[in-house]
Amino acid sequence: MHVGMASIFQNPQNADGVSDYSIYQQDMALAFAAEGLGYESVWGVEHHFTDYTMTPDPVQFLAAVGGHSKKIKLGTMVVVLPWNDPMRVAEKISMLDCMSDGRVIFGIGRGLGRVEFEAFKVDMNESRERFVESAEMVLTGLENGYCEYDGKFIKQPRARIRPEPFRSFKNRTYAASVSPESCALMAKLGVGILIIPQKPWEEHAQDLADYSGIFRQVHGVDAPPPYVAGWVCCDKDAGRAEEMARKYIVGYWQSVVKHYEMQSSHFENTKGYEYYKKLNETIEEHGIDGMAQFFMDLQVWGTPEQCYEKIKEIHSRTNCCGFTGVFSYAGMPGDVAMKNLETFARHVVPELKQLGDRPAFDQDADQEPAFLRAVG
Amino acid sequence: MNIGIEQVMQSWGWTGISDEQVYDEEINIALMADELGYDDIWVVEHHFEDYSFCPDNFVYLAHLAGRTKRIKLATGAVILPWNIQPLRVAEKAALLDHLSGGRAILGLGRGLSRREYDQFGIPMEEARGRFDEAAAMIVEALETGVMEEHHGKYFDQPRAVIRPKPRASFKGRLKQVAMSPDSVEEAALLGAQMMQFTYKSMDTHKAEIEAYTAAYQKHHKRPAPIPIMTDITVCDSSAERAADNANKYVRDYLLSVMHHYEMMGDHFKDAKGYEAYGDTAVAMNEMGLDAVADAYVEGQVWGTPQQMLDKFEKRRQIIGDYDILIIPRFAGMPFEVAQRTVEVFAKEVMPELRSWDTAATRAA
């Protein structure tokens, strides 16, 4: 299994006087330490405007990490296509790959935060269609060396991507997906699935089964195994680990509810977000605190042995080829976060690397994009 | 005096060079610059073509931020009309400042290439309006940390909070490339330090600098900053080799500019905001391409260290004090030519330049 870490730059204590820059110093230190500690990738997320996650451009963040490192991979978890000019997405991803000697893992997503859709003046009802058009344009573009699209929402005159892609993005493109409809969509697009756990593992497993079926049907080959992320509290003392989880993973859950307005009724009437309406109802039924325990139990916390067992269980449910941990969040002090990262690195990462299969992007011999193969 | 390097990210002029190798060479130059004491690295924004390809200069500068600790990192420039989300420009500038520990410099530009406008699907006639509207939104958002609600001709923006919050004011580190009369005036109004590529006569540059200075003073009630003058450069202790390389590569660079921007084309005269370029095109057509190229090579500062110092001094007599940017890599030159420029300039030109008195006294 491939093992990575993600930096999310969360600042829930901003109102109490914690500066965004202090969070940047703290989380950059973790991202810069990752390669030396044995992590195989650093991941960045895209969010805007709130305390929740302060990386409006994960590609830019990863460029800094790429500059500081030699071989650690650089993953987006995710680039939210409906909030971006897709030509620029194709260009940025190709640039990052060019400057990092081919280390990009391209994760894409549709977006969930109303606060972000509103500020970008993108109608949330259109997000799925916009996502499909943008994804088609960008993914085809990265294989062809140029973008060109005439869609309902996206109109792009033919334009070359420069610096041009020099390695294919097949086998290193993932989409974050939670709703069953999204999984079907991702199967058709031919991308891998990135799971950020939010619902019972049986449901994730069901989605994966459906996805695999559609994938094989459409593409004639087996779907790639999924990639999983999780919030981690790893401490050699079981009691301390649990305390950490109750404080920070629950804190993180609360930030999720707040940023995404999970208790609001706006999902009810938003096309493409029917799954979240159901989630809304579940939250109403169990309450935020009731759901907090459920959310906590989906994540990876405990002693190193307990963390390993939890990921092994996730692996048995999903056959995942990789795991990315989040180690700093919800106001966790810098030294606690660094110790979290280090403990996991020392005691869990080496074991995980022996577990299951490697993803295709760790095995691929250099494969050129289609247009270079055609020329060569 | 501020002394930096501007990078143009070009493959035009080389045979069989990969885009990756272009980036390797430019990154190498940037790292040399950091070690040799240059104050800043500037990088262009360009898309789609061999002429230049750096579609997101914030991403490139973030990469350099990861590899350096000291050198300042400037967008030279962000082309606002090609960035359809001014909000993102503000976010990216704030983010770069966080990633680099406070080393970001924001340079803005309007964009001159019809090729790029067409491939963006943005009409060139809208460039002036888009630039002016976006620049005001971005500069204000970086000062306050909030992009306020805005309903304009080109942009409709709800209120949006910039996170991570800008670490510090961008006053004093806001620049603008200004090569036409209305850009010069806009730079003054915005309070941006003006940057010019030296391809006109020094008398023309002098007039533009005076216009900028007067407008700045009038609007802000304080003295204007000195301008930044940018040259295509070959620096070499061998006068003969410097001349050979300049005559070949500086000339070729000019040809790439003429081709990419269609400088002698007649599309400028009818494009709102670009009328001055229309006049220049007429003049260039009258001169002929060869004469234009000769004049361009003659007008850049290049040569042995002493030759360059003499040219810089002669320029100072005409336009007064100025900050310096040199462009060392361009138009098909072997990489060692660029490396030599960067090294020799740092060792034998820079120390002398830094010793000049650069108080804000201006030539008569």
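Every chain is numbered independently, its residues counted from 1 as its sequence is written. Lettering of chains starts at A and numbering of ligands starts at 1, both following the order in which they are written. Two thresholds apply to this predicted model, a pLDDT of at least 70 for residue-level local features and 80 or more for giving and counting side-chain atom pairs, whereas whole-chain, interface and lining totals are computed over all residues.

*Asks:* I keep staring at the overall build of chain A and nothing clicks. Help me out?
*Replies:* A count of helices and strands for chain A gives 14 helices and twelve strands. As defined in this context, the radius of gyration uses C-alpha atoms, and a globule is described by 2.2 Å times the residue total to the power 0.38. Over its C-alpha atoms chain A spans a radius of gyration of 20 Å, differing by no more than 12% from the 21 Å that the globule rule assigns to 376 residues. Counting only C-alpha atoms, chain A reaches 60 × 45 × 45 Å along its principal axes. Taken over 376 residues, chain A has a buried fraction of 53%. Note on contacts: residues are paired as contacts if their backbone-placed C-beta atoms lie within 7 Å. Pairs at least 24 apart in sequence give 73% of the contacts found in chain A among residues at least 6 apart. In this description a helix means any DSSP run of H or I spanning at least four residues, a strand means any run of E spanning at least two, and both kinds are numbered starting from the N terminus. Whether a residue is buried, exposed or partly exposed follows from its count of other C-beta atoms within 10 Å of its own C-beta, namely 20 or more, 12 or fewer, or something in between, respectively; the C-beta atoms are built from the backbone.

*Asks:* I tried to follow the overall build of chain B on my own but got confused; where do I start?
*Replies:* When its secondary structure is counted, chain B shows twelve helices and 15 strands. Taken over the C-alpha trace, chain B has a radius of gyration of 19 Å; the compact-globule value for 364 residues is 21 Å, and the two agree within 12%. In terms of principal-axis extent, the alpha carbons of chain B reach across some 60 × 50 × 45 Å. In chain B, which comprises 364 residues, the proportion classed as buried is 52%. Excluding contacts between residues fewer than 6 apart, the proportion of contacts in chain B whose partners are at least 24 apart in sequence is 72%.

*Asks:* How should helix H7 (residues 201-219) of chain A be read in this particular structure?
*Replies:* Residue and element names in this part refer to chain A. Counted at 1.5 Å a residue, the expected span for H7 with its 19 residues is 27 Å, and the 26 Å between its end C-alpha atoms agrees. For H7, every residue scored as buried is listed here: His-204, Asp-207, Leu-208, Tyr-211 and Phe-215. For H7, the buried positions fall inside an angular range of 100° around the axis, keeping them on one side. Opposite the buried face of H7, at more than 90 degrees from it, the exposed residues are Glu-202, Ala-209 and Gln-217. Turning to H7, the residues buried within the fold contact helix H6 (180-189), strand S9 (192-195) and helix H10 (304-318). Following H7 by one or two positions, Gly-220 adopts a phi angle in the positive range, close to 75°. For a helix, the expected span equals 1.5 Å multiplied by the residue count minus one. Taking the helix axis as origin, the arc is that swept by the directions to the C-beta atoms.

*Asks:* Looking at this structure, how should I read the packing of helix H8 (residues 238-259) of chain A against helix H9 (residues 274-298) of chain A?
*Replies:* The description of two packed helices rests on the angle between their axes and on the distance between the axes. Residues and elements named next belong to chain A. Here an angle of 0 to 180 degrees is reported between the N-to-C directions of two axes, which are lines fitted to C-alpha atoms, with helices fitted over the stretch in contact. Where H8 contacts H9, the axes come no closer than 9 Å and their chain directions differ by 115°. Where H8 crosses over H9, the two elements pack in a sense that is right-handed. Along its contact with H8, which presents Ala-245, Ile-249, Val-250, Trp-253 and Val-257, the element H9 presents Ile-288, Ala-292, Phe-295 and Met-296. Under the scheme applied, nonpolar residues are Ala, Val, Leu, Ile, Met, Phe, Trp, Tyr, Cys and Pro; charged residues are Asp, Glu, Lys and Arg; polar residues are all the others, including Gly. Residue composition of the contact of H8 with H9, by class: nine nonpolar, no polar and no charged. Working rule for handedness: look at the near helix, and if it is turned counterclockwise from the far one by less than a right angle, call the crossing left-handed; if clockwise, right-handed.

*Asks:* Explain the nonpolar core to me, please; I cannot follow it from the model alone.
*Replies:* Side chains of nonpolar character tend, in soluble globular proteins, to be buried together. Leu-96, Leu-194 and Val-232 of chain A together with Ile-41, Leu-73, Ala-90 and Leu-96 of chain B are the most contacted members of the largest nonpolar core, which has 229 residues in total. With sequence-adjacent residues up to four places away left out, Ala-90 of chain B is seen in contact with Ile-138, Ala-141, Leu-142, Met-147 and Ile-162 of chain B. Definition of nonpolar core: a set of buried Ala, Val, Leu, Ile, Met, Phe, Trp, Tyr and Cys residues joined via C-beta atoms within 7 Å.

*Asks:* Could you clarify how one ought to interpret the packing of helix H6 (residues 181-190) of chain B against helix H7 (residues 202-220) of chain B in this entry?
*Replies:* Residues and elements named next belong to chain B. Taken N-terminus to C-terminus, the directions of H6 and H7 make an angle of 30°; their axes are 8 Å apart at the nearest point. Classified by the interaxial angle, the pair formed by H6 and H7 is roughly parallel. Here H6 and H7 pass one another in a crossing that is right-handed. Contacts between H6 and H7 pair Val-184, Glu-185, Ala-187, Ala-188 and Leu-189 from the former with Glu-208, Ala-211, Tyr-212, Ala-215, Tyr-216 and His-219 from the latter. Split by residue class, the contact of H6 with H7 holds eight nonpolar, one polar and two charged. By definition in this entry, angles of less than 35 degrees are roughly parallel, angles greater than 145 are roughly antiparallel, angles of 65 to 115 are roughly perpendicular, and the rest are oblique.

*Asks:* Help me understand unusual backbone geometry, please; the structure alone is not making it clear to me.
*Replies:* Excluding glycine, a negative phi dihedral is what most residues carry, and trans is how most peptide bonds are arranged. Across the junction of Met-77 of chain A and Val-78 of chain A, the peptide omega takes the value 20°, indicating a cis bond. Its place among the elements puts Val-78 of chain A in the loop between strand S3 (73-76) and strand S4 (79-80). Cis peptide bonds are those with omega within 30 degrees of zero, and the linkage from Arg-162 of chain A to Pro-163 of chain A qualifies with 0°. Mapped onto the elements of the fold, Pro-163 of chain A is located in the loop between strand S7 (155-160) and strand S8 (173-176). Phi is positive for Asn-171 of chain A, close to 75°, though the residue is something other than glycine. Here Asn-171 of chain A is to be found in the loop between S7 and S8. Here Glu-262 of chain B, not a glycine, exhibits a phi torsion of approximately 50°, which is positive.

*Asks:* Even after reading the chapter, I still don't get the pairing of strand S5 (residues 72-75) of chain B, so can you show me in this structure?
*Replies:* Regular strands place side chains that alternate from one sheet face to the opposite one. Residue and element names in this part refer to chain B. Side chains Lys-72 and Ala-74 project from S5 onto one buried face, and the interleaved Leu-73 and Thr-75 project onto a second face that is buried too. Here, strands pair whenever DSSP counts at least two bridges between them. Of the strand pairs in this sheet, strand S2 (residues 40-43) and S5 are connected by four bridges, and their pairing is parallel. Bridging from a neighbouring strand, Ile-41 pairs with Leu-73 of S5. Summarising the sheet, S5 and strand S7 (residues 104-109) pair through two bridges and their orientation is parallel. Across the sheet, the residue bridging to Ala-74 is Ile-105, located in S7.

*Asks:* What is the right way to look at the interface of chain A and chain B in this model?
*Replies:* Often the size quoted for an interface is simply the accessible area lost on bringing the parts together. Counting from both sides, the interface comprises 38 residues of chain A and, opposite them, 37 residues of chain B. Of all the secondary structure elements, the ones that give two or more residues to the side of chain A that touches chain B are helix H1 (20-37), helix H2 (58-68), helix H3 (86-99), helix H4 (114-119) and S7 of chain A. Of all the elements, H2 of chain A adds the most residues to the side of chain A that touches chain B, at nine residues. In terms of residue class, the side of chain A that touches chain B is built from 20 nonpolar, six polar and twelve charged.

*Asks:* Explanation requested: the confidence of the model for chain B in the structure shown.
*Replies:* Reading predicted coordinates in detail is not appropriate for stretches of low pLDDT. Each residue carries a pLDDT score, the predictor's confidence in it, ranging from 0 to 100. Mean pLDDT for chain B: 95, with 98% of residues reaching 70 or above. In the predicted structure, residues 360-364 of chain B sits below a pLDDT of 50 and forms nine contacts with residues beyond four places in sequence or in another chain.

*Asks:* It is not clear to me how the environment of Pro-56 of chain A should be interpreted in this structure. Could you clarify?
*Replies:* Tracing the sequence through the fold places Pro-56 of chain A in the loop between strand S2 (41-44) and H2. It is 26 Å that separates the C-alpha atoms of Pro-56 of chain A and Phe-166 of chain A, two residues lying 110 residues apart in sequence. Contacts of Pro-56 of chain A, omitting those with residues within four sequence positions, involve Glu-46 and His-48 of chain A together with Arg-88, Glu-91 and Leu-95 of chain B.

*Asks:* Would you mind showing me how to read the environment of Ser-212 of chain A here?
*Replies:* All names here are of chain A. Of note, Ser-212 is situated in helix H7. In this structure Ser-212 comes out as partly exposed when scored by C-beta crowding, with 19 C-beta atoms within 10 Å. Note: C-alpha distance between Ser-212 and Glu-285 (73 residues apart in sequence) is 32 Å.

*Asks:* Sorry if this is basic, but what is going on with H10 of chain A here?
*Replies:* Side chains of residues three or four places apart in an α-helix project in the same direction, reflecting 3.6 residues per turn. The first and last C-alpha atoms of H10 of chain A sit 21 Å apart over 15 residues, in line with the 21 Å expected at 1.5 Å per residue. After H10 of chain A finishes, the residue Asn-319 of chain A shows a positive phi value of roughly 55°.

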